Amino acid sequence: MVNTYQLEVVESTNKKDKPLHDQVPFGTIFTDHMFTLEYEEGKGWHEPKIVPYGPITLDPAAMIFHYGQTVFEGMKAYRTEDGRVLLFRPEKNFERLNLSSERLSIPPVDEKAMLEYLTELIKLEKNWVPATQGTSLYIRPFIISTEANLAVAPAKAYKLMIILSPVGSYFTGGLTPVIIHVEDQFTRAVKGGTGMAKTAGNYSSGYQAQANAKKAGNADVLWLDGIEKKYIEEVGSMNIFFKINGEIVTPALNGSILNGITRTSIIELLGSWGISVAQRKVSVNEIYEAYEAGQLEEVFGTGTAAVISPVGELNWQGKKMVVNNHQIGELSQKLYDTITGIQTGKVEDPLGWTVEVK
Ligand SMILES: *Cc1c(COP(=O)(O)O)cnc(C)c1O
């Protein structure tokens, strides 16, 4: 191993108290340490460090502030009943980080090394992985461009960090179906844009639509394709599935939809049960027609945060589609129980998805 890859660990001498209960709002409490890695043109990624969690200093001309050259990931560490700590398909997150980076002209990282660094960080912060049912330690790797330069061009210097945040149960009172607004004014992403990357601008550009939807009593928006406003893409930070007259359907990855690891896992899990998922274009008209015909059986969002988020109602151009009488569908519940069961070691992991941190 080259010297620049040797991990340096600086332990915190001022450890924080852990939150007493796990009902903390998402992403507001951070652990004692964070991981940092630097990039410089000519030198590559170097100086891996685990240091006490805290603010960082950046030049006001750092390119991240001006042109938003940044990518991120979201994953979790779970506590099993017998006290072990599991990660869920973590290699997929670093693979996707590199895909996002490619789109944003950020240099790729060594995926294997990243997994090793993450493992060391989690090992050090093991006591921060909460044990209450439904809780986990949220992991946020991200990269920012740090070069001080106002030129509109890819930066020559970057910083990668991993921060950790204990999170409570997404649904405090059990799985609760949400109300979703089908957005036909604003656009999240278009083919050829950055929709397939986890990059900052995709999210802040959705806030206005989300705020409008919330004012009207919806929890989030379902985005349609940016050109015809006809085909379904995904929810804020979740992919979407429909059960129509027995068939499971999800929009095909088309370059503007984020390739969710939960989405992939659901398709593979259903496949292992002998149930195929049609990945194709799904028009909102098709969904409305299925609803009118009484064939819209289940709708659910999928993502790391909630795993499965049942949708109880879709609102589109003043038309209301109530799904399964605002109740959780049988398949949604079964998928939720199985995937969260695998993640926390309660259910056998036949597809080898979990990685123990030890
Ligand atoms: C992160 C994300 C998802 C879900 O991805 P997972 O890997 O399943 O967590 C879906 N859509 C968007 C826009 C996202 O940012």
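Residues numbered from 1 in each chain as written. Predicted model: local features only at pLDDT ≥ 70, side-chain atom pairs only at ≥ 80, totals over all residues. Heavy atoms only, no water.

With an unreviewed UniProt entry as reference, the chain is termed Branched-chain-amino-acid aminotransferase, source organism Planococcus massiliensis. UniProt lists a comment for the chain under the heading Sequence similarities (unreviewed entry), and it reads "Belongs to the class-IV pyridoxal-phosphate-dependent aminotransferase family." The record held by UniProt for the chain lists under Cofactor (unreviewed entry) the comment "pyridoxal 5'-phosphate". (UniProt positions renumbered as here; feature names shortened; annotations may be inferred.)

Q: Looking at this structure, how should I read the overall build of the chain?
A: Along its length, the chain carries 8 helices and 18 strands. Taking 2.2 N^0.38 as the reference for a compact globule, 358 residues should give roughly 21 Å; the C-alpha atoms of the chain span a radius of gyration of 21 Å, in line with that estimate. Evaluated residue by residue, the chain yields a buried proportion of 51% over its 358 residues. Sequence separation of 24 or more characterises 71% of the internal contacts of the chain that already satisfy a separation of 6 or more. Total accessible area computed for the chain in this model is approximately 16400 Å², and 50% of it derives from carbon and sulfur atoms. Of the side-chain charges in the chain, 34 are positive and 42 negative, and the distance between the mean point of each set is 1 Å. (Helix = DSSP H or I, 4+ residues; strand = E, 2+ residues; numbered from the N terminus. Rg over C-alpha atoms; globule rule 2.2 N^0.38 Å. Buried < 20%, exposed > 50% of the residue type's maximum accessible area, 1.4 Å probe, protein only. Contact = heavy atoms within 4.5 Å. Areas by Shrake-Rupley, 256 points an atom, 1.4 Å probe, with all protein chains shown as cover. Lys, Arg positive; Asp, Glu negative; His and termini not counted. Charge placed at Lys NZ, Arg CZ, Asp CG, Glu CD.)

Q: Explain the pairing of strand β8 (residues 157–167) here, please?
A: Moving residue by residue along a regular strand, the side chains alternate between the two faces of the sheet. Of all 11 residues in β8, 11 are buried; the element is thus mostly enclosed. Sheet topology places strand β2 (residues 33–40) next to β8; 6 bridges connect them, and they run antiparallel. Looking across to β8, one finds that E40 is bridged to A157. (Pairing = 2+ DSSP bridges.)

Q: How should I be thinking about the site of the ligand in this particular structure?
A: Neighbouring residues of the ligand: 15 residues in total, closest K198, Y203, E234, T262 and T304. Note that an oxygen atom of the ligand is positioned 2.8 Å from one of the side-chain N or O atoms of R96. Contact distances for the ligand include 2.5 Å between a nitrogen atom and a side-chain N or O atom of E234. Isolated, the ligand exposes 380 Å² of accessible area, and the fraction of that covered by the protein chains is 97%. (Near = heavy atom within 4 Å. Polar contact = N/O pair within 3.5 Å; in protein donor to acceptor, adjacent residues only side chain to side chain.)

Q: Can you help me understand the packing of helix α6 (residues 261–272) against helix α8 (residues 330–343) in this one?
A: Between two packed helices, the angle of one axis relative to the other and the distance separating the axes together describe the packing. Relative orientation of the contacting elements α6 and α8 amounts to 105°, with a least axis distance of 11 Å. In terms of orientation, α6 and α8 fall into the roughly perpendicular class. On α8, the residues touching I266, L269 and L270 of α6 are L331, L335, T338 and I339. (Axes fitted to C-alpha atoms, helices over the stretch in contact; angles between N-to-C directions. Parallel < 35°, antiparallel > 145°, perpendicular 65-115°, else oblique.)

Q: I tried to follow the environment of I144 on my own but got confused; where do I start?
A: By secondary structure assignment, the location of I144 is in strand β7 (residues 136–145). Linking I144 and M34, residues 110 residues apart in sequence, is a C-alpha distance of 15 Å. When near neighbours in sequence (up to four residues on either side) are disregarded, I144 contacts I56, L58, I64, Q69, T70, A157, Y158 and K159.

Q: I keep staring at the UniProt feature "modified residue: N6-(pyridoxal phosphate)lysine" (unreviewed entry) in the chain and nothing clicks. Help me out?
A: This chain's UniProt record puts "modified residue: N6-(pyridoxal phosphate)lysine" (unreviewed entry) on K198. Assignment of secondary structure puts K198 in the loop between β9 (178–183) and α4 (201–204). Using a relative accessible area of 13% as the deciding quantity, one classes K198 as buried. Filtering out sequence-adjacent residues up to four positions away, K198 remains in contact with T70, V71, F72, E73, G74, R96, S100, Y203 and L258.

Q: I keep staring at the nonpolar core and nothing clicks. Help me out?
A: The nonpolar side chains of a soluble globular protein tend to be buried, and buried together. Counting 34 residues, the largest nonpolar core has F35, M114, I122, I139, I143, L160 and I162 as its most contacted members. When contributions to this core are tallied by element, the ones reaching two or more residues are β2, β3 (44–52), β5 (75–79), β6 (85–88), α2 (90–103), α3 (111–124), β7 and β8. Broken down by element, this core gets its largest block of residues, 6 residues, from α3. Excluding its chain neighbours within four sequence positions, the residues that come into contact with I122 are A77, V85, L137, I139, L164 and V357. (Core = buried A, V, L, I, M, F, W, Y, C linked by side-chain atoms within 4.5 Å.)

Q: Got a minute to help me understand the domain arrangement of the chain in this structure?
A: Size of an interface, as often reported, equals the accessible area lost when the parts are brought together. Per the domain assignment, the segments making up the chain are domain 1 (8–167) and domain 2 (178–343). If you average the C-alpha positions of domain 1 and of domain 2, the two centres end up 27 Å apart. Listed by partner, the interface residues are 19 residues for domain 1 and 21 residues for domain 2. When the two sides are added together, the surface that domain 1 and domain 2 hide from each other amounts to roughly 1700 Å², 60% of it contributed by carbon and sulfur. Inspection of the domain 1/domain 2 interface yields 1 salt bridge. Its salt-bridge partner being R89, residue E268 comes within 3.0 Å of it at the nearest N-O pair. In this structure, the connection of domain 1 to domain 2 is made through 11 residue pairs in polar contact (both at pLDDT 80 or more). (Domains from an automatic or database assignment. Buried area = accessible area lost by both parts, 1.4 Å probe. Salt bridge = Lys/Arg side-chain N within 4 Å of Asp/Glu carboxyl O.)

Q: Before we go on, may I ask you to explain a negative patch on the surface in this structure?
A: A cluster of acidic side chains, namely E91, E95, D110, E111 and E116, defines a negative patch on the protein surface. Looking at the negative patch, the elements with two or more residues in it are α2 and α3. Relative to the helices and strands, E111 is located in helix α3. (Patch = residues over 30% accessible without salt bridge, like charges linked within 9 Å, V, L, I, M, F, W, Y side chains within 5 Å.)

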